[in-house]
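Here is what each chain is made of, one letter per residue.
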Amino acid sequence: MSEVASTPHTPSSPGLPRGSILNAAGDAKVDGRVQPSHDVGRGRSVNGRGWSCLRKVAVTVSAFVVLSGATIAAWMASLGPLPLEQARKISTTVIDRNGKLLRAYAMTDGRWRLPVDAKTSVDSGYLNILLGYEDKRFYSHHGVDPLALARAALQLVTRGEIVSGGSTITMQLARLIEPRQQRSISAKIRQAVRALQIERQMSKDQILDLYLALAPFGGNLEGLRAASIAYFGKEPKRLSLAESALLVALPQSPEHRRLDRHPGNARVARDRVLERMVGEGRVSAADAMQAKSVSVPKLRKPMPILAPHSADQATSLHKDRSIIRLALDAGIQRALEGLARDRAATLGNNISIGLIAVDNESGDVLAHVGSPDYFDDRRAGQVDMTRAVRSPGSTLKPFIYGLAFEDGFVHPESLIEDRPVRFGSYAPENFDMSFQGTVPVRKALQLSLNVPAIALLDRVGASRLSSRLKQAGGNLVLPPGEAPGLAMGLGGVGITLQDLVQLYTGVARLGSSKPLREIMQANGGDDRESLRLMDPVAAWQVGNVLIGTPPPENAAHNRIAFKTGTSYGYRDAWSVGFDGRMTIGVWVGRPDGAPVPGLVGRTAAAPILFDAFARTGKLPAPLPKAPKGVLMASNAKLPLPLRRFRPVGELIRTGSDQALHIQFPLNGSRIDASGGEGQLSAVPVKVAGGVLPMTVLVNGMAAGELDSRRQRLVDPPGPGFVRLTVMDAMGTADTVVVRIQ
């Protein structure tokens, strides 16, 4: 072997600088730089071919990227839009005025899926465990968590099994929206793509709410709220640590951990969640140990069914609404339903009870009990007795007295006769077949005497009473072809409990009723208007009389203004009462209308009424104060015409007496009473006939007596319609209505 071949370094050639070396082709390089020669052109040709190859590679890669992107885009487009509309479908849910669940209806496929609001209706401890166990970075990632995926892959490689999944809550929601039977890489990619789409279309709060509504919990239970109610009998707003951990564990394998089938598996899974939370520092070891000692429920609880009649009506009227808010108060509703069940059990197997409670100020129905037991066929439980037309007995009497007070021909302290009397062919009798003689009007109403009530109705007019009650929302049902008559004062008409209670709220509201509201509008609006029942003074006088009615045995006096009623043949027992806050009505009887011997309003319905007020949990509120113009006086100090009521048939006169008639102002006339500085001037009242002394009443309030010339100046209460009544010493009266302007 030659020296050159054995030498590792090429020696410097003679005649060349030290820094020069020979390349492999024998070309000299000076100072490491290529010297100009005819071989440089060949180098350029080689470099040109390299750049050409690079361009081809770049074009190929770009085409591949574009083609891949187009393929992925086409695949994503083939997925179509997110089926969110179907996913957002929930069970029709009826809630009370405060958002508490009254009743829910299963979906058409039998699933229970209730709406969830994580911010307001879910326990914060549960959310802490859920996010810690399922998705720690839920609020920071955009649907897919690369760190979680990397961790899951590393655990799979190092341990040979799946220790923790890499799916985020958003990816799980995507799987719930589009369930897949097979688990594959393509399915996981699809979930990831869908998760990114979900994050672009929904906020984090919306994503969490929808997940909590769709998560499976075994059987036909979907969503946290349905599971919490079915397993624990309560809303998820207040959950213990053991309950929270259990509800986090169930959706991972809902059928394998069903509490009603595999409670042992569910308990093991719950304890595993607790252990992991201890390891992450979210739960203390002591709290976890205590939670592990709690047994898991093994049976499902029934879904709540409060106010079933109200819920049925609401869903039939608003089929397009998935969440229907009622004006009811769930607490009062539950208390009165329990009361109806308890009392019905003591009254007999075929007896039903209807109960309705209304807020006086708003007219909102706070409780509606249509029957003691919705599922009791013996009592026709599904028949709503608050809407059934029944005979009201004596419960319309307060309105007769109210119109009599309004007309000004009687006062609560006036004397009235309770004696046998005949009105044509109609001869009313008292319930106990006895008569009290001369009694104050106050006592006549408190004792519910029949003859005085019919005598006043004869004076008021049955048609006028009927039209006034209808004007205030009370729809009276008369037999076909019959006109209102005196018998309506003792129950000779039909009315529902709801309408009757609405009329009584008019008394509590000092003369104006408001249509009852049970279903709240979706937008929260209220377009109801007040309805006139009677003058405020008359309404206050009626309430003042009724609050003194002797209460049932063991009940407090002067707390509740109430009236009872019993229909002919002992078919219906009623009691309606009010305080300054609420009006409650009670009906007792058989749904089929059969007689029940001994069924009397005072003994059957009144005790339930007083118990209902007690079970609302509120102390009785005082009645409104007396409005301006109320005449408070003993009988001896009343104007002479008001001291004793005289029926029309007893007004006997001599031949020289002329009938009382108001000559001025004329009925229906307009009176210009404008005075100086915006004041109204007095209006003269002139009368012909009648027997002195005569009293003038303005809108039912005494305004003084006429002079010997049968004249008087009366100060109008203000612009608008005014009722002027003049009553003489014999009790005869004449009334005109004029408009002051």
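Because the structure is predicted, anything quoted here is derived from the model rather than measured. (Residues numbered from 1 in each chain as written. Predicted model: local features only at pLDDT ≥ 70, side-chain atom pairs only at ≥ 80, totals over all residues. Heavy atoms only, no water.)

1. Side note on the overall build of the chain
Looking only at helices and strands, the chain has 23 helices and 25 strands in total. Going through the 741 residues of the chain one by one, you find that 48% of them count as buried. Long-range pairs, those at least 24 residues apart, make up 68% of the contacts in the chain between residues at least 6 apart in sequence. Surface accessibility of the chain: about 36200 Å² in total, with carbon and sulfur atoms responsible for 54%. (Helix = DSSP H or I, 4+ residues; strand = E, 2+ residues; numbered from the N terminus. Buried < 20%, exposed > 50% of the residue type's maximum accessible area, 1.4 Å probe, protein only. Contact = heavy atoms within 4.5 Å. Areas by Shrake-Rupley, 256 points an atom, 1.4 Å probe, with all protein chains shown as cover.)

2. So, the pairing of strand E4 (residues 92-95)
Pairing between E4 and strand E5 (residues 101-105): four bridges, direction antiparallel. In the sheet register, Thr-92 faces E5, and the bridge partner there is Tyr-105. Once E4 ends, the chain turns through five residues before running back antiparallel as E5, passing Gly-99 with a positive phi of about 90°. Here three bridges tie E4 to strand E8 (residues 323-325), and the two strands are oriented parallel to one another. Note on E8: the bridge partner recorded for Val-94 is Ile-324. (Pairing = 2+ DSSP bridges.)

3. Some words on the side chain of Asp-123
Take Asp-123: it is sitting in the loop between helix H4 (118-121) and helix H5 (124-134). No salt bridge is formed by the buried Asp-123; the nearest opposite charge belongs to Arg-238, separated by 5.3 Å. (Lys, Arg positive; Asp, Glu negative; His and termini not counted. Salt bridge = Lys/Arg side-chain N within 4 Å of Asp/Glu carboxyl O.)

4. Some points on the sheet that holds E4
The strand order across the open sheet built from three strands is E5-E4-E8, with neighbouring strands paired in mixed fashion. The open sheet has two edge strands, E5 and E8, and neither has a second partner. Between one strand axis and the next, the sheet turns by 15° as a mean value, whatever way the strands run. (Axes fitted to C-alpha atoms, helices over the stretch in contact; angles between N-to-C directions.)

5. A look at helix H19 (residues 462-471)
Listed in full, the buried residues belonging to H19 are Ala-462, Leu-465, Ser-466, Arg-468 and Leu-469. For H19, the angular spread of buried residues about the axis comes to 165°, placing them on one side. On its buried side, H19 packs onto helix H16 (397-407), helix H18 (450-460), helix H20 (497-508), strand E14 (531-532) and strand E24 (720-727). Two residues or fewer after H19 comes Gly-473, characterised by a positive phi angle close to 105°. (Arc of directions from axis to C-beta.)

6. Notes on the confidence of the model for the chain
For the chain, the average pLDDT comes to 87, and 86% of its residues sit at 70 or higher. The model gives residues 1-40 a pLDDT under 50, and that stretch makes 22 contacts with residues more than four places away or in other chains. Note that residues 651-655 has pLDDT below 50 and, in this model, nine contacts with residues that lie over four places away or in other chains. (pLDDT = per-residue confidence, 0-100.)

7. Some words on helix H11 (residues 241-249)
The buried count for H11 comes to eight of nine residues, which makes it a mostly enclosed element. Residues of H11 that are buried: Ala-242, Glu-243, Ser-244, Ala-245, Leu-246, Leu-247, Val-248 and Ala-249. Contacts made by the buried residues of H11 are with H5, helix H10 (224-232), helix H12 (263-279) and helix H13 (285-292).

8. Comments concerning the packing of aromatic side chains
All told, the structure shown has seven aromatic pairs when counted by the stated rule. Both rings, one in Phe-431 and one in Tyr-570, keep their centres 6.4 Å apart while their planes meet at 80°; by these two values the pair is edge-to-face. Of this pair, Phe-431 sits in the loop between strand E11 (415-418) and strand E12 (437-440) while Tyr-570 is found in the loop between strand E15 (561-566) and strand E16 (572-578), placing the two residues 139 residues apart along the sequence. We classify Phe-431 as exposed; its relative accessible area is 56%. The exposure class of Tyr-570 is partly exposed, given its relative accessible area of 34%. Over the face of the ring belonging to Tyr-133 we find Arg-276, whose NZ or CZ atom lies 4.4 Å from the ring centre. (Phe/Tyr/Trp six-rings, centres within 6.5 Å; stacked < 30°, edge-to-face > 60°. Lys NZ or Arg CZ within 6 Å of the ring centre and 35° of its normal.)

9. Some thoughts on the packing of H5 against helix H9 (residues 204-214)
Two numbers describe how H5 lies on H9: the axes approach to 13 Å, and their chain directions differ by 95°. The pairing of H5 with H9 is recorded here as roughly perpendicular in orientation. Side by side, H5 and H9 meet where Tyr-126, Leu-127 and Leu-130 of the first sit next to Leu-208, Tyr-211 and Leu-212 of the second. By residue class, the composition of the contact of H5 with H9 is six nonpolar, no polar and no charged. (Parallel < 35°, antiparallel > 145°, perpendicular 65-115°, else oblique. Nonpolar A, V, L, I, M, F, W, Y, C, P; charged D, E, K, R; others polar.)

10. Details of the nonpolar core
With 72 residues, the main nonpolar core has Phe-399 and Leu-456 as its most contacted residues. For this core, the element with the most residues is H20, which contributes seven residues. Each residue touching Leu-456, except ones within four places of it in the same chain, is listed here: Ile-400, Tyr-401, Ala-404, Phe-409, Val-410, Ile-416 and Phe-645. One finds Leu-131, Ala-174, Phe-232 and Leu-274 within the second-largest nonpolar core, a separate group that totals 58 residues. (Core = buried A, V, L, I, M, F, W, Y, C linked by side-chain atoms within 4.5 Å.)

11. Points about the sheet that holds strand E25 (residues 733-740)
Taking strand neighbours across the sheet as the criterion, the five strands line up as E19-E25-E24-E21-E22 in an open arrangement whose pairing is mixed. The open sheet has two edge strands, strand E19 (670-671) and strand E22 (701-705), and neither has a second partner. In terms of strand pairing, E24 meets E25 through eight bridges, oriented antiparallel. Across the sheet, Leu-724 pairs through a bridge with Val-736, a residue of E25.

12. Overview of a positive patch on the surface
Taken together, the side chains of Lys-100, Lys-237, Arg-238 and Arg-334 define a basic patch exposed on the protein surface. Locating Lys-100 in the fold gives a position in the loop between E4 and E5. (Patch = residues over 30% accessible without salt bridge, like charges linked within 9 Å, V, L, I, M, F, W, Y side chains within 5 Å. Charge placed at Lys NZ, Arg CZ, Asp CG, Glu CD.)

13. Overview of the packing of H11 against H12
The relative placement of two packed helices comes down to the angle between their axes together with the axis-to-axis distance. Interhelical geometry of H11 versus H12 gives an angle of 105° and a closest axis separation of 8 Å. The orientation of H11 with respect to H12, classified from their angle, is roughly perpendicular. Contact with H11, carried on its side by Leu-241, Ala-242, Ala-245, Leu-246, Val-248 and Ala-249, involves Ala-266, Ala-269, Arg-270, Val-273 and Leu-274 of H12 and no other residues of that element. Counted by class, the contact of H11 with H12 contains 10 nonpolar, no polar and one charged residues.

14. Description of the environment of Asp-260
Along the chain, Asp-260 turns up in the loop between H11 and H12. On the accessibility criterion, Asp-260 (32% relative accessible area) is partly exposed. Each C-alpha atom of the pair Asp-260 and Arg-300 lies 6.7 Å from the other, and the pair is 40 residues apart in sequence. For Asp-260, the residues in contact, after removing those within four places along its chain, are Lys-298 and Arg-300. A distance of 2.8 Å separates polar atoms of two side chains, one belonging to Asp-260 and the other to Arg-258. (Polar contact = N/O pair within 3.5 Å; in protein donor to acceptor, adjacent residues only side chain to side chain.)

15. Focus: the pattern of salt bridges
What the rule picks out here adds up to 43 salt bridges. Of the charged contacts in the structure, one is a salt bridge between Arg-387 and Asp-384, with a shortest N-O distance of 2.4 Å. Take Asp-384: its relative accessible area is 12%, and that puts it in the buried class. Its salt-bridge partner being Glu-406, residue Arg-532 comes within 3.7 Å of it at the nearest N-O pair. You can see Arg-532 sitting in strand E14 and its partner Glu-406 sitting in helix H16, a full 126 residues away along the chain. Judged by relative accessible area, Arg-532 falls into the partly exposed class, the value being 33%. Via salt bridges that share partners, Glu-406, Asp-407, Arg-464, Arg-468, Arg-532, Asp-535 and Arg-723 belong to a single interconnected network.

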